[in-house]
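What the coordinates show
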2 protein chains.
Amino acid sequence: MPATKAEALQSFKETIRKIKSYEEALGVLYWDLRTGAPRKGMDTRSEAIGALSGDMFKLSTSPELGEWLSALEEKHAYAELSEIEQRLVTETRKDYDRSVLIPPQLYQEYVVLASQSESKWEEAKASNDYAGFQPYLEKVIAYTNQFIDLWGAKATRYDTLLDQYEPGMTVAELDRVFGGLRAELVPLAAAIASSAHQPDTSFLRQSFDKSAQKAFSLYILEQMGYDFSAGRLDESVHPFATGLSPGDVRITTRYLEDDVTSALFGTIHEGGHALYEQNIMDELIGTTLCTGTSMGIHESQSRFWENVIGRSRPFWNRYFGELQQRFPGQLDVSVDQFYRGNNVVQPSLIRIEADELTYNLHIIIRYEMEKLIFNEGAKAADLPALWNDKYREYLGVVPSNDAEGVLQDVHWSGGAFGYFPSYSLGNMYAAQFADTMEQELSGFWSHVEAGNLLPIKQWLTERIYKYGKLRTPAELIASVTGKPLDPKHLVAYLSKKYSDIYRLS
Amino acid sequence: MPATKAEALQSFKETIRKIKSYEEALGVLYWDLRTGAPRKGMDTRSEAIGALSGDMFKLSTSPELGEWLSALEEKHAYAELSEIEQRLVTETRKDYDRSVLIPPQLYQEYVVLASQSESKWEEAKASNDYAGFQPYLEKVIAYTNQFIDLWGAKATRYDTLLDQYEPGMTVAELDRVFGGLRAELVPLAAAIASSAHQPDTSFLRQSFDKSAQKAFSLYILEQMGYDFSAGRLDESVHPFATGLSPGDVRITTRYLEDDVTSALFGTIHEGGHALYEQNIMDELIGTTLCTGTSMGIHESQSRFWENVIGRSRPFWNRYFGELQQRFPGQLDVSVDQFYRGNNVVQPSLIRIEADELTYNLHIIIRYEMEKLIFNEGAKAADLPALWNDKYREYLGVVPSNDAEGVLQDVHWSGGAFGYFPSYSLGNMYAAQFADTMEQELSGFWSHVEAGNLLPIKQWLTERIYKYGKLRTPAELIASVTGKPLDPKHLVAYLSKKYSDIYRLS
């Protein structure tokens, strides 16, 4: 490599490192805002976030960065790069083009609009006023369409949006997997609803001491192998995980006095996200590859730990006795009753309260609507009726108003179109990974039943976590499971689990 | 003002605002490091802090900033500026010149040296090894001397260092005030030591529930008028206050199980710093004038609240009953016993454990030694003997080793020469402000005795807090008290208080 190429590589890597430093600083500022920053400091804090974000954007769209990228993409130069460097060039090019294709003025207008639209959505949801929100949503859709034009439409216009959150994911692929999923889950949900064997949940509704809940959550995190010298657990209104670096991956939860498992499952969920980020290989530190490879893969790890492990019978065979001891006299039920009570399936209107089965139908509805908006030109005015029709068809329930219907989620108000599929992709990836793990990790469920969770973390680290963004989602699912994404794993998992719980014939 | 001047003013103010945003972001990162950031994240966090600090340094030393300053300093332009803008230009010029006069390479070397020297000091203190630390201290002194040469020596070389922490303060002034103070305090401390009426402190040594300590600390903060929607109280090994903006001023404390007032007085102390920063006028927000005007004035506010108010008899007449109720059966002493037990004067070796009287002698010793180093050329090798002689002379105690002598403080290892005087300046300013307050605020001590602390906060806000850095320390003490700094106020306060407690004739 000639001297200028070596210089380009060095400058490129230094800039990436600096971008990563800015990301980390911004990560701390956002974490702080969500875990107890004083209200009156918001104005100057927003300004500080704006200043840092602006400088980071300048760094990541500078003409120099474009020149270094071009130099490194040149055939001979590229061939001499390490695998990590090559992937870093590819990923940076993708982000760079995406950013520079949008005129700064247009983007600035959009940021202001999105912020107003989110505020308006909050009001509209509180007052059940879709009409008041509709003009904002129309504009957000119009800007998003402009962005698609600037970025260039892929196979379909909506494909361009999907690729932001799940690189390489397409409408063709999602139609295939979601189609398969929907066809199986709609009748399964109906069979469950008409089962005579509905679990008892009455014992879950008591007053459970919060500090005991917290102690148990911390205990389970430690059992999972969460590294407390590389993270911390705090409280926030909406639980989240944030990976500042593999050495600092923080999670939050929310303790509900009247629910003994809500905070626990939230903690396990965020703990799953955190295990991913804590175990990325050292070689990726200081690069933009040092994070999860996609929203869907990230969600597969949180949902694997929360649902596949945390809501399993072997898990509770091991841990229910300890939970009972922490709430003396309050959980006088059998482990079977407890397990079934924590695995109720019930078609409902609200996505974030849905069980692990019907949750997927909530997502498929949103996916189909986003396709209608961007590929079929559905208008904002049409959305409430479309929404209600799909809920009736897939879930057998109809919202009594838009607040519990089309207005329930924040995502669209801020322009996050293409994000929803990640959640169900996470469920499908998780089930497919779990099937491979069961084959490869001998005594998998005996480990869970013995509270021996570290081999599971270890397997996930070796096969998934350590690669960070070094493999794409499609490469990862293929390399780990030997085949592309297939919804049959999730369908089989759900059928087996719920046939047992609801005693379906 | 011609268009170019208006442009210079706008660019200047935007740059200052951005510097302030970076300062705020860095402030959050430092706060986070000291209140529980995970150990394993230190490396990338240091890198992030380095990246932000470097960019902030570039902003504050850019040639453009120099040009805008020159344009605004031009006579006609300056005259048209508002009072705030004028002061901002003056202060920025001072910082700008100080920064640009040091070659970046030299400064970089110094930063590395200071960091090594601090580590070495920590080791040396732990192993009582002054000889091992001495070469580092010699180098730090040599670099500091180079900086004085580059900045230019004022009336004396040490004046140049003082000005960093207490703008406008001089050796001539400090010799005057510390001379007066020392002459009075040495015999007073001796009289106290030989008094037959030593307070009983045995009741203070019990096990006091930490959560009750915390609740009482929060209660007293609220009584002082600390605004919890513009701040928060956390725990850290070394208590501190950090003003991120007037809307976010955070404090920390440290709860000691075996001491019922240590955390409380720490909280009141940091709360005093916080009241200052929370109550700076809105017009200064987003400028570098939005902070305390000097270390000494800042310390006057923490020490006023901690000592003048918090260790006073009227304060405990009001609050002791409530403290007793929070520790049932543990504090069965009279309020007089409690008050006296919390106001013990005892010559000692360690500054940070000293009482409010002898503390000043610890500072005067350090001041005299810093003068010897920079104005008389005293060598690092001479410091232990000089130190021990002065402790014998002023405090009547002699360190048995350097760890409890010349090695006790971190300041010199990191090059913070000129900082120590701030602590005693704080005590003197506080006593002088208090005398004026007693005259101007009718029923001052009755307010304290009634737990009516808000008029005191209000008076301090109107006379001191709101001005931030808009007035220099000398302007402030003159405008508030009508005269320059005079040590007689502190001497009178201490003589009166301790003559009563120790029943001196």
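Chains are numbered independently. Their residues run from 1 in the order of the written sequence. Just so you know, chain letters begin at A and ligand numbers begin at 1, following the order they were written in. The predicted origin of the model limits local features to residues at a pLDDT of at least 70 and limits the giving and counting of side-chain atom pairs to 80 or more, whereas totals for whole chains, interfaces and linings rest on all residues. To obtain the side-chain values, all non-hydrogen atoms of the structure were included, while hydrogens and water were left out.

Some thoughts on the domain arrangement of chain A
All names here are of chain A. Under the convention used in this document: Residue ranges for the domains trace back to a domain assignment, done automatically or taken from a database. Contacts were defined at the residue level, with two residues in contact if any of their heavy atoms lie within 4.5 Å. In short, buried area is how much 1.4 Å probe accessible area vanishes from two parts on joining, totalled over both. Salt bridge criterion: a side-chain nitrogen from Lys or Arg within 4 Å of a carboxyl oxygen from Asp or Glu.
Looking at the assigned domains, one finds that chain A contains domain 1 (1-100) and domain 2 (207-330 + 422-501). Centre-to-centre separation of domain 1 and domain 2, based on C-alpha positions: 29 Å. Tallying the contact residues gives 17 residues for domain 1 and 24 residues for domain 2. Of the roughly 1800 Å² buried between domain 1 and domain 2, counting both surfaces, carbon and sulfur atoms make up 63%. On the domain 1 side of the interface with domain 2, the three residues burying the most area are Lys20, Trp31 and Arg87, jointly 37% of the side's total. In this assembly, domain 1 and domain 2 are joined by 1 salt bridge.

Focus on the sheet that holds strand β3 (residues 248-253) of chain A
Residue and element names in this part refer to chain A. Quick note on the threshold: At least two DSSP bridges between two strands are needed for those strands to be called paired. Strands are runs of DSSP state E lasting at least 2 residues, helices are runs of H or I lasting at least 4, and numbering of each runs from the N terminus. For every element, the axis is a line fit to its C-alpha atoms; helices are fit only across the contacting stretch, and the angle between N-to-C directions ranges from 0 to 180 degrees.
Ordered in space as β1-β3-β2, the 3 strands form an open sheet in which the pairing is mixed. Here the strands that pair on one side only, and so sit at the sheet edges, are β1 (233-235) and β2 (241-245). Within the sheet, the average angular offset between the axes of one strand and its neighbour, ignoring direction, is 25°. Of the pairings in the sheet, the one linking β2 to β3 comprises 4 bridges and is antiparallel in character. Across the sheet, Ser245 pairs through a bridge with Asp248, a residue of β3. Along the sheet, helix α11 (residues 262-278) contacts β1, β2 and β3; its crossing angle with β3, the most-contacted strand, is approximately 165°.

Some words on helix α16 (residues 383-395) of chain A
Residues and elements named next belong to chain A. Threshold: One fewer than the residue count of a helix, multiplied by 1.5 Å, yields its expected span. Burial classification: accessible surface area is computed with a 1.4 Å probe over protein chains only, and a residue below 20% of its type maximum counts as buried, one above 50% as exposed, and the rest as partly exposed. Directions drawn from the helix axis to the C-beta atoms are what define this arc.
Taking 1.5 Å per residue as the helical rise, α16 with its 13 residues ought to reach 18 Å, and the 17 Å between its terminal C-alpha atoms agrees with that figure. All of the buried residues in α16 are Leu383, Pro384, Trp387, Asn388, Lys390, Tyr391, Tyr394 and Leu395. One side of α16 holds all its buried residues, which, seen down the axis, span an arc of 165°. Tucked into the core, α16 has its buried residues touching α7 (130-151), α9 (171-193) and α15 (359-375). Backbone geometry just after α16 places Gly396 at a positive phi near 70°.

Overview of the packing of aromatic side chains
Stated formally: The criterion for an aromatic pair is that two Phe, Tyr or Trp rings (for Trp, the six-membered ring) have centres within 6.5 Å, with stacked assigned to planes under 30 degrees apart, edge-to-face to planes over 60 apart and tilted to the rest. In this scheme, the term charge over a ring applies when either NZ of a lysine or CZ of an arginine sits within 6 Å of the ring centre and within 35 degrees of the ring normal.
In the structure shown here, the tally under the stated rule is 64 aromatic pairs over all chains. Ring plane angle 90° and centroid distance 5.4 Å describe the contact between Phe208 of chain B and Phe327 of chain B, whose orientation is recorded as edge-to-face. With Phe208 of chain B in the loop between α9 (171-193) and α10 (210-224) and Phe327 of chain B in the loop between α13 (313-326) and α14 (335-341), the pair connects residues that are 119 residues apart, well separated along the chain. Residue Phe327 of chain B is classed as buried on the basis of its relative accessible area of 2%. An angle of 20° between the planes, with centres 5.3 Å apart, marks the rings of Trp387 of chain B and Tyr391 of chain B as stacked. On the criterion of helical spacing, the pair formed by Trp387 of chain B and Tyr391 of chain B is a turn pair, its members being 4 residues apart in helix α16 (residues 383-395). The exposure classification of Trp387 of chain B matches that of Tyr391 of chain B, with both residues buried. Counting every residue linked through ring pairs, the aromatic cluster contains Tyr165, Tyr359, Phe374, Trp387, Tyr391, Trp412, Phe417, Tyr419, Phe420 and Tyr423 of chain A. Directly above the aromatic system of Tyr136 of chain A lies the positively charged group of Lys139 of chain A, at a separation of 5.9 Å from the ring centroid.

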